[in-house]
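Chains, contacts and geometry: an overview
Below, each chain spelled out in residue letters.
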Amino acid sequence: MGLLHVLLDLLYPPKCPFCGQVLERGEEGWCAPCREDLPWTQPGDGKTVEGCDACLSPLWYRDGPRDGMHRYKFQGGQGHARLFGDLMAQCLRDRWAGGADLVTWAPLHPRRKRERGYDQAELLARRVGELCGLPVESTLEKVRSTAVQSQAGEDAARRANVQGAYRALDGLDLTGKRVVLIDDVATSGATLSQCAAALRKAGADRVVGLTFARAR
């Protein structure tokens, strides 16, 4: 480890993205207690989402995963994309046998991306693509700014919130392609469903949704 890294660790010691505790010597990415106690989903816990052949997530959206996603999205924790993407890629490899041709993501509206400085789903998609040896392609655009889904209320309100908000990029041809669609969290599944519909309209043969966590 170089001197710069040593100094940075002294000034800004790495913390577990799930519980926020400073990592012990030898711990990388996350702490030992969180490795044991996180609310992992099981292979039979996939979520049914209209337009998706499957919807997979390694974790339930509560406790540490919920806190970690909040840090990732709203507290400048874009560095967490590496670990979160690692968990998602492993979930895809373990639970999806249908193959894939490319990875894409549910994009932020341009205004929100400017405000945040990064698109959290895009960073996750690029990590998943890297680990799974798949090309990562921008295929969708968000054409209407919407309220934050977590603040939209019940499932019907969430579906209405994102209705018509996404469309395929001009000229996109996905004929016969098997697409992995990345988002951060699956709650009602409304965002994934809208994006999957746009991908299928562009010719996608299969769409598998993959998120970091999912709500019960």
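Coordinates for the structure precede this section.
Structural notes, computed from the coordinates.

Cut-offs and rules
- Residues numbered from 1 in each chain as written.
- Predicted model: local features only at pLDDT ≥ 70, side-chain atom pairs only at ≥ 80, totals over all residues.
- Heavy atoms only, no water.
- Helix = DSSP H or I, 4+ residues; strand = E, 2+ residues; numbered from the N terminus.
- Buried < 20%, exposed > 50% of the residue type's maximum accessible area, 1.4 Å probe, protein only.
- Polar contact = N/O pair within 3.5 Å; in protein donor to acceptor, adjacent residues only side chain to side chain.
- Contact = heavy atoms within 4.5 Å.
- Pairing = 2+ DSSP bridges.
- Right-handed = clockwise from strand over helix to strand, strands pointing away.
- Core = buried A, V, L, I, M, F, W, Y, C linked by side-chain atoms within 4.5 Å.

**Describing the side chain of aspartate 184**
- Within the secondary structure, aspartate 184 is located in strand 6 (residues 178-186).
- Classification of aspartate 184 as buried rests on a relative accessible area of 6%.
- Among the polar contacts made by the side chain of aspartate 184, one reaches the side chain of lysine 73 at a distance of 3.1 Å.
- Separated by 3.0 Å, the side chains of aspartate 184 and glutamine 120 make a polar contact.
- Not counting residues up to four positions away in its chain, the partners in contact with aspartate 184 are Met69, Lys73, Gln120, Leu124, Thr211, Phe212 and Ala213.

**Let's talk about the pairing of strand 6**
- Most of strand 6 is tucked away: eight of the nine residues are buried.
- Relative to strand 6, strand 3 (residues 102-105) runs parallel, the two being bridged by four bridges. By the bridge assignment for strand 6, leucine 102 is matched with valine 179.
- Considered for its hand, the β-α-β crossover made up of strand 6, helix 8 (residues 190-201) and strand 7 (residues 206-214) is right-handed.

**Observations regarding the nonpolar core**
- With 37 residues, the main nonpolar core has Phe18, Ile182, Leu210 and Phe212 as its most contacted residues.
- Where this core is concerned, the elements lending two or more residues are strand 1 (54-56), helix 3 (63-74), helix 4 (81-95), strand 3, helix 6 (120-132), strand 6 and strand 7.
- With eight residues, the single largest contributor to this core is helix 4.
- Counting residues in each nonpolar core, the second largest holds 23 residues, with Cys52, Ala165, Ala168 and Leu192 among its members.

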